[in-house]
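# Architecture at a glance
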Amino acid sequence: MKPSNHYNITKTDIFTQSIWQFDMPNHKQWKKKLEDIALVELNTDKHNFSNQRTSACNVKAKRTDWRSHHIYPAIGEVAKIIRDNMLPAVIKSENWDMPDELFVCHSWLNIYEKDTYAIPHTHGTIFSCVYFVKVPDNTGNLFLHDRYASKIKIKGNWEQNDVQINAKEGSVVVFNGDVMHSVTPNTSDDLRISLALNLEPRYTTKEIHKDMSYKEKPLDVLDQNFFEKTGKFGR
């Protein structure tokens, strides 16, 4: 007896993924400060300070240490704005319980020069955030991918499993860190700069935080007056 080619199929969509977008207050002020950090990292031959990562990474571009909110005061201040204002707004809008703490696990500055990009990857945290600091034309696009459906081709439209995010300069995008994402190559001669953060909610202050820092070298903390001491590096 041949098996039937006709079955009654019932589909139930059990979860959906959301993204949230904000405009960063005082973007011009933060843009200048974060551009200064990028200039420091791009001109290491002119000084003795650098926190670039050299280990293998999904970001095929220059990027600062994963603990940059502890190293660069400006990144720490931006992280605080996102942690204390933007994420609580998301939590309230979704009617979730407000955690006792929103813990910044990682933060780093991505500096995309010509032909650099980020391959599809995930962060594995509850919240991931991207602040679009400097986004000239043709410097790459942020894509979110359906990590499971992308393994199955959709007839006539392979890109249906990809969602392009409008990278508006000065905006912040928040999404679940388990969502796969990538950045297409920068095809221009301009720099593309973004700040990435990972955060976890803590629902009890007694919970012991895992040490998520990297210890292969001492942590260098940038002096508040570093930029005034070293100059503008071609600014």
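Thresholds applied
- Residues numbered from 1 in each chain as written.
- Predicted model: local features only at pLDDT ≥ 70, side-chain atom pairs only at ≥ 80, totals over all residues.
- Heavy atoms only, no water.
- Helix = DSSP H or I, 4+ residues; strand = E, 2+ residues; numbered from the N terminus.
- Expected span 1.5 Å × (residues − 1).
- Bend = angle between axes of the 7 residues up to and from the residue.
- Buried < 20%, exposed > 50% of the residue type's maximum accessible area, 1.4 Å probe, protein only.
- 1 Å grid on protein atoms, 1.4 Å probe; cavity = no way out; pocket = protein on both sides within 12 Å on 5 of 7 lines; lining within 4 Å.
- Points joined across faces, edges and corners; volume = space filled by probe spheres on them.
- Nonpolar A, V, L, I, M, F, W, Y, C, P; charged D, E, K, R; others polar.
- Salt bridge = Lys/Arg side-chain N within 4 Å of Asp/Glu carboxyl O.
- Phe/Tyr/Trp six-rings, centres within 6.5 Å; stacked < 30°, edge-to-face > 60°.

## A closer look at helix 3 (residues 73-93)
Along its 21 residues, helix 3 runs 30 Å from first to last C-alpha, staying within 8% of the 30 Å computed at 1.5 Å per residue. At arginine 83, helix 3 shows its largest kink, close to 30°. What helix 3 keeps buried is the set Ala74, Ile75, Val78, Ala79, Ile82, Met86, Leu87, Pro88, Val90 and Ile91. Within two residues after helix 3, asparagine 95 carries a phi angle of roughly 60°, on the positive side.

## Some thoughts on empty space enclosed by the protein
Within this structure, the stated rule accounts for one cavity of 30 Å³ or more. The computed volume of the largest cavity comes to approximately 140 Å³. Secondary-structure elements contributing two or more residues to the lining of the largest cavity are strand 4 (101-112), strand 5 (117-121), strand 6 (127-134), strand 10 (180-183) and strand 11 (192-202). For the lining of the largest cavity, the class distribution of residues is nine nonpolar, five polar and one charged.

## Examining unusual backbone geometry
Even without glycine at this site, asparagine 26 takes up a positive phi of about 55°. Tracing the sequence through the fold places asparagine 26 in the loop between strand 1 (19-23) and helix 1 (27-42). The class of asparagine 26 is exposed, set by a relative accessible area of 54%. The phi dihedral of asparagine 138 is positive, around 65°, even though this residue is not glycine. Counting through the fold element by element, asparagine 138 comes out in the loop between strand 6 and strand 7 (142-145). Residue asparagine 138 is classed as exposed on the basis of its relative accessible area of 59%.

## Describing the pattern of salt bridges
One pass over the full model with this rule turns up 10 salt bridges. Of the charged contacts in the structure, one is a salt bridge between lysine 11 and aspartate 13, with a shortest N-O distance of 3.8 Å. The same class applies to lysine 11 and to aspartate 13, which are both exposed. Where lysine 134 meets glutamate 35, a salt bridge forms, and the shortest distance between an N and an O atom there is 3.8 Å. Of this pair, lysine 134 sits in strand 6 while glutamate 35 sits in helix 1, and the two are 99 residues apart along the sequence. We classify lysine 134 as partly exposed; its relative accessible area is 22%.

## Overview of the packing of aromatic side chains
For the coordinates displayed, the defined rule picks out three aromatic pairs. Taking the centre distance of 6.0 Å and the plane angle of 80° together, the rings of tryptophan 20 and tryptophan 96 count as edge-to-face. Remark: tryptophan 96 occurs in the loop between helix 3 and strand 4 and tryptophan 20 occurs in strand 1; sequence separation between them is 76 residues. Ring centres of tryptophan 96 and phenylalanine 127 lie 6.4 Å apart, and the angle between their planes is 40°; this geometry places the pair in the tilted category. A residue pair is termed long-range when its members are at least 10 positions apart, and tryptophan 96 in the loop between helix 3 and strand 4 and phenylalanine 127 in strand 6 qualify at 31 residues. What makes tryptophan 96 partly exposed here is its relative accessible area of 39%. According to the relative accessible area criterion, phenylalanine 127 is buried, its value standing at 5%.

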